[in-house]
Amino acid sequence: PILIAQVDPGFEISAARWLANGDELAWSVRSTSGGSSTVYVGAADGSELANPRKQMTGNGPAEYIAVLLADGRLVARGADDRLYALSTTAASPPVVLTPAGFIADPLGANPDGTRLAVVLRTTWQDERQLVSVSTDGSDADKPTKLAPAPVTKLAAIFSRDGTAVAWTAQAPDGRTAAFY
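Note that the coordinates shown come from a computational prediction; the quantities given were computed from them, not determined experimentally. (Residues numbered from 1 in each chain as written. Predicted model: local features only at pLDDT ≥ 70, side-chain atom pairs only at ≥ 80, totals over all residues. Heavy atoms only, no water.)

(A) Structural view of the environment of Thr163. Assignment of secondary structure puts Thr163 in the loop between β15 (153-158) and β16 (165-170). Taking relative accessible area as the criterion, Thr163 reaches 64% and is therefore assigned exposed. Placed 53 residues apart in sequence, Thr163 and Asn110 show a C-alpha to C-alpha distance of 7.8 Å. (Helix = DSSP H or I, 4+ residues; strand = E, 2+ residues; numbered from the N terminus. Buried < 20%, exposed > 50% of the residue type's maximum accessible area, 1.4 Å probe, protein only.)

Structural data, given as structure tokens:
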């Protein structure tokens, strides 16, 4: 086995994922006593063990790996609860994907990685909105609503060709339905 990441006692590594290039992995590090996580990227051959690259959003460290995109970028949530597309190889700035004022939870990307299905909410127990956003950030402040009304629970998936989203939702009255 090749050692690619190591943390001191009191911290843990989680959510290790291969990046699209197959030469790097991304992972989250968090204190065992709780708090925010930080996302790092390093070479799969272990050559960056002593100095993995911390992934930054516009307002600080990326907190968790949300989605890996087909073009090699990763989507991570920042401390402001917005989603960001991050390049792990280029020195390009993070791209904001979701509007301010919401907690954003990604459900998945279409196959070519150009759109994300995202749940937006204002509190942890709030009703959720199902939206789609472009991974180039062009509609971050005005995402496309996919569900006509807020719901309490959501699950969604893109079609194989990436042109449609199917989702199931549980309404506040307890009924569950599937949509396309």
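(B) Structural context of the sheet that holds strand β11 (residues 103-109). The four strands are arranged β11-β12-β13-β14 in an open sheet whose pairing can be described as antiparallel. Both outer strands of the open sheet, β11 and β14 (144-145), are each paired with one neighbouring strand and no more. In this sheet, β14 lies alongside strand β13 (residues 129-134) in antiparallel orientation, the contact comprising two bridges. Bridge pairing in β14 links Ser132 to Thr144. (Pairing = 2+ DSSP bridges.)

(C) The arrangement of unusual backbone geometry in detail. For Asp81, which is not glycine, the phi torsion reads 70° and is therefore positive. Note on placement: Asp81 falls in the loop between β8 (74-77) and β9 (83-86). Here Asp81 falls in the partly exposed class, since its relative accessible area comes to 23%.

(D) Here's a closer look at the nonpolar core. Counting residues in hydrophobic clusters, the biggest one holds 13 residues, and the most contacted among them are Val67, Val75, Leu83, Leu97, Leu116, Val118 and Val133. Of all the secondary structure elements, the ones that give two or more residues to this core are β7 (64-68), β9, β12 (115-121) and β13. With 10 residues, the next largest nonpolar core counts Val39, Ile65, Leu74 and Leu86 among its residues. (Core = buried A, V, L, I, M, F, W, Y, C linked by side-chain atoms within 4.5 Å.)

(E) Spotlight on the pairing of β7. Here β7 pairs with β8 via four bridges, running antiparallel. For Val67, the partnering residue across the bridge sits in β8 and is Val75. Connecting β7 to the antiparallel partner β8 that follows it, the hairpin turn spans five residues, and Gly72 within it adopts a positive phi of roughly 100°.

(F) Quick peek at the sheet that holds strand β4 (residues 53-54). Here we have four strands laid out as an open sheet, ordered β1-β2-β3-β4, and antiparallel in their pairing. The open sheet has two edge strands with one neighbour each: β1 (11-18) and β4. Where strand β2 (residues 24-31) meets strand β3 (residues 37-43), seven bridges bridge the pair, whose relative direction is antiparallel. Note on β3: the bridge partner recorded for Arg30 is Ser37.

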